[in-house]
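Fold and contact review
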Amino acid sequence: MEKNSAIFVAGHRGLVGSAIWKALEKKGYSNLIGRTHRELDLEDPAAVREFFDREKPEYVFLAAAFVGGIIANSRYRADFIFRNLQIQQNVIGESFRHGVSKLLFLGSTCIYPREAPQPMKESALLTSPLEYTNEPYAIAKIAGLKMCESFNLQYGTNYIAVMPTNLYGPNDNFHLENSHVLPAMVRKIHLAKCLMEGNWEAVRKDMAARPVEQVDGTAPEEAILSVLGRYGITPGSVELWGTGTPLREFLWSEDMADACVHVMEQVDFSQLKGEDREVRNCHINIGTGKEISIGGLARLIASKEGYRGELVFNADKPDGAMRKLTDVSKLHSLGWTHRVELEEGVERIYQWYLDQAEAAGH
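Since the structure is predicted, the reported quantities are computational estimates derived from the model, not experimental observations.

1. Considerations on the pattern of salt bridges
Tallying each qualifying case throughout the model produces 26 salt bridges. Across the pair Glu55 and Arg54 runs a salt bridge whose closest N-O atoms are separated by 3.9 Å. Overall, Glu55 belongs to the partly exposed group, its relative accessible area being 26%. Of the charged contacts in the structure, one is a salt bridge between Glu149 and Lys146, with a shortest N-O distance of 3.1 Å. Of this pair, Glu149 and Lys146 both sit in helix H5 (residues 135-155), three residues apart, which is roughly one turn of that helix. Its relative accessible area of 5% is what places Glu149 among the buried residues. A single network of salt bridges, built from pairs that share partners, joins Lys22, Glu254, Glu344 and Arg348.

Shown next, in the form of structure tokens:
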């Protein structure tokens, strides 16, 4: 990529896309193209075609997706498969039609089987059944990486698929209904701490920045306590889903972005396809190769936030897969390793969260 190449970052406002945008800017790339969902609906084929006709991007980072946590995945199964397939189909299809030099497709490690041997190598893909709760999303992402692989094999394109582990960082989604585990915990524990200390000013600031079920910072105390109680947030305790025993891996989003830019600059499909007659599993895991239990994560966040209340695990709620650790040896062999460890990352994300609430309160 030249510093003035036209680079389209699809999903540039999200957790992943905004981190990639920032990483590209930092490296001196000056011709970045981004569109909000309102400006360009990636599910609309005509709009995507018109955008590519007009902007003619040379490089594409496909970081746009319809995403959510365990509740959303269970509730919106049709949306997860249909909307993600639409986005991928349109962006990859137009990239091909317009002769894009290189495309990076971002998936997720939920593509791997529920019972995949740990840590999960790229070769574990499609070897046994998926985790049921996020099967529709996983199938969409598998279709995306196979589309990249297949275009490369048939047409000689250079489309690379990367599968990041659980991400967290600036611009994360802290919505109590549909955010991922780490940001949800950061917010739940913060609110419980504020309630415990009777710090209603901080609670109202938080609710003003991110209303819960239409209840915002101006609502009466009873209404706020009632809605937060439904999410397991009370003055004395925080209820979390599952037993707390599953192990998870977490990667700071800016590290992930750095890895993506490294892959775009340094890695070509020809390096990934191997010698076998049957070419498959050319995607790259992006992670730390380190894990922590959900309970351990909750205790780490509580200690960083100074929360002294109780952490209650509701074993009636689903745990999801027991382990989901990525094997990152392929990524390491391509010259990239993560920098931000979880302890530092949790401190950073909590500070970012507080700064956002502060800014929204003014």
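2. Details of unusual backbone geometry
The omega torsion across Gln118 and Pro119 is -15 degrees, close enough to zero to call that bond cis. Turning to its location among the elements, Pro119 is positioned in the loop between strand S4 (102-106) and H5. In this structure, Leu126 takes a positive phi of about 60 degrees despite not being glycine. Tracing the sequence through the fold places Leu126 in the loop between S4 and H5. You will see that Asn171, though not glycine, has its phi angle at about 70 degrees, which is positive. Among the secondary structure elements, Asn171 is positioned in the loop between strand S6 (166-168) and helix H6 (181-196). Taking relative accessible area as the criterion, Asn171 reaches 38% and is therefore assigned partly exposed.

Here is what the cut-offs are and how they apply
Residues numbered from 1 in each chain as written. Predicted model: local features only at pLDDT ≥ 70, side-chain atom pairs only at ≥ 80, totals over all residues. Heavy atoms only, no water. Salt bridge = Lys/Arg side-chain N within 4 Å of Asp/Glu carboxyl O. Buried < 20%, exposed > 50% of the residue type's maximum accessible area, 1.4 Å probe, protein only. Helix = DSSP H or I, 4+ residues; strand = E, 2+ residues; numbered from the N terminus.

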